[in-house]
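Structure assessment
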Amino acid sequence: MSEEKTQITVLDRVLSYVDSPFKLFAIILMAVFVFVGYFVWQNQAFLIGAYKEQQKLPSIAEDRVEDAAAHLFRNTDATVVAIFKVNPMFGTRVLYRAYTKQGREKTHEGLDVGLFTSNIANNRDVVALMAGEIPCSHYKTAQSEIGLWYMEKGMTYGCRVGVPPEPGKLVGQITVGWREEPPDVDQYRVLLQIAATMLSRSKQ
C-alpha cells in the first residue's frame, strides 16, 4: 500500500510540475535522451563490434573512379555510368559518382537507394552481383530514384557489375546504361569486369 502511495505522490508531483507546453516538451525530450542512453549502454558491445567490422571492410578505390568511368565511355559508348559504395552488413548502396557523356552529375550523389529492396528484379540482380555475375537486361521500369535519372538520360538497356568482381566480396557496384542494347553484350561484360577491377586496386 505504501509503494502505491509513493508512486501516486511522484506522479502528482510530475503532473503539478507540467503546467506549460514547454515543460511537457522538456520532460519528453529528457525521457528520449534517457532511453537512447540506456539503449546505447545496454548494446555497447554490439555497436562497438559492428563499428569494428565496418572498419575492416574494404572500399572502392576512389582515386580510380574517374579512370574507370572514362574507360567505360571510351570503350562501350555508354550513355550513363553510376558508381556506388555498398555495405552488405548494413544493407546500404550509396551513389558515389554519376556520369553522362557530358561529365559528372552531382544531383543524386550521396543518395542511399538500399541494397535489397521491394523490387524483385533489383534483388535478383543483387544476388547475381554477390555471386560474381554481371547481370544485363532491358531497363523498362525505374527501380529507384536513381533509376528515374537513368531513364531521363535515355537509358533503355543496362548492366551491373560488383566491385570487386569476385564472388562474396561486394563493396561497390558499377551500373552502365545505353540507349539501346549493345551489339556484343558478352564483350561489354568483359569491359565492365575490367572497370570493376580498376576500382578494386588503388594507384597508391
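None of these values were measured; they are calculated from a predicted model. Per chain, the residues get numbers from 1 upward, laid out in the order the sequence is written. Residue-level local features of this predicted model are given only where pLDDT is at least 70; pairs of side-chain atoms are given and counted only at 80 or more, and the full residue set underlies all totals for whole chains, interfaces and linings. The basis for the side-chain values is all heavy atoms of the structure; hydrogens and waters are excluded.

A disulfide bridge is the covalent bond that connects two cysteines by way of their sulfur atoms. Note that a disulfide, as used here, is simply two cysteine sulfur atoms within 2.5 Å. Under the criterion given, the structure shown has 1 disulfide. Bridging Cys136 to Cys159, the disulfide has an S-S length of 1.9 Å. Since a negative S-S torsion denotes a left-handed disulfide, the Cys136-Cys159 link at about 115° is right-handed. Within this pair, whereas Cys136 is found in strand 4 (residues 136-138), its partner Cys159 is found in strand 5 (residues 157-163), the two being separated by 23 residues in sequence. We count a stretch as a helix when DSSP gives it H or I for four or more residues in a row; a strand needs E for two or more, and each element gets its number in order from the N terminus.

Turning to the layout of surface pockets, a few remarks are in order. The space that makes up the largest pocket amounts to roughly 360 Å³. With a 1 Å grid laid over protein atoms only, a set of points is called a cavity when a 1.4 Å probe fits there but cannot get out and a pocket when it is open yet has protein on both sides within 12 Å along at least five of seven lines; lining residues have an atom within 4 Å of a point. Along the wall of the largest pocket there are 26 residues; nearest its centre are Asn122, Asp125, Tyr139, Gln143 and Arg160. For the lining of the largest pocket, the elements supplying multiple residues, two or more each, are helix 5 (120-130), strand 4, helix 6 (145-152), strand 5 and strand 6 (172-178). For the lining of the largest pocket, the element with the most residues is helix 5, which contributes 4 residues. Gly counts as polar in this scheme, as do all residues outside two lists: the nonpolar Ala, Val, Leu, Ile, Met, Phe, Trp, Tyr, Cys and Pro, and the charged Asp, Glu, Lys and Arg. Within the lining of the largest pocket, the residues separate by chemical class into 9 nonpolar, 12 polar and 5 charged. Grid points are joined across faces, edges and corners, and a volume is the space filled by probe spheres set on the points. Size it by volume and the second largest pocket reaches roughly 170 Å³. What lines the second largest pocket is Asp77, Thr79, Thr100, Lys101, Gln102, Glu105, Lys153, Trp178 and Arg179. Taken together, the residues of the lining of the second largest pocket sort by class into 1 nonpolar, 3 polar and 5 charged.

Once that is clear, we can look at the nonpolar core. Among buried residues, those of type Ala, Val, Leu, Ile, Met, Phe, Trp, Tyr and Cys that are joined through side-chain atoms within 4.5 Å constitute a nonpolar core. Summary of the burial criterion: residues with accessible area below 20% of their type's maximum are buried, those above 50% are exposed, and those between are partly exposed, where the area comes from a 1.4 Å probe applied to protein chains only. Membership of the largest hydrophobic core comes to 28 residues, with the highest contact counts inside it found for Val81, Ile83, Cys159, Ile174, Val176, Trp178 and Leu192. Where this core is concerned, the elements lending two or more residues are helix 4 (65-76), strand 1 (80-87), strand 2 (92-100), strand 5, strand 6 and helix 7 (185-198). Counting residues per element, this core draws most heavily on helix 7, at 7 residues. Beyond its immediate sequence surroundings of up to four residues, Val81 is in contact with Ala69, Leu72, Phe73, Arg97, Ala98, Tyr99, Ile174, Thr175 and Val176. Val80, Leu95, Trp149 and Tyr150 belong to the second largest nonpolar core, which has 11 residues in total. The contact criterion used is simple: two residues touch if any of their non-hydrogen atoms lie within 4.5 Å.

One less than the number of residues in a helix, times 1.5 Å, gives the span that helix is expected to have. Between the first and last C-alpha of helix 4 there are 16 Å, a value that for 12 residues agrees with the 16 Å anticipated at 1.5 Å per step. Taken together, the buried positions of helix 4 are Val65, Ala68, Ala69, His71, Leu72, Phe73 and Thr76. In this fold, the buried residues of helix 4 make contact with strand 1, strand 2, strand 6 and helix 7. Just downstream of helix 4 lies Asp77, where phi reads positive at about 55°.

Every patch collects residues that have over 30% relative accessible area and no salt bridge, joining them within 9 Å if they carry like charges and within 5 Å if they are nonpolar side chains (Val, Leu, Ile, Met, Phe, Trp, Tyr). Computed with a 1.4 Å probe, the accessible areas rest on the Shrake-Rupley method; for each residue, only the protein chains presented here act as cover. Salt bridge, as used here, is a side-chain nitrogen of Lys or Arg placed within 4 Å of a carboxyl oxygen of Asp or Glu. Together, Ile28, Val32, Phe35 and Val36 give the surface a local cluster of nonpolar side chains, amounting to about 380 Å² of exposed area. Examined against the element boundaries, Val32 turns out to sit in helix 2 (residues 21-42). Val32 sits in the partly exposed class, given a relative accessible area of 44%.

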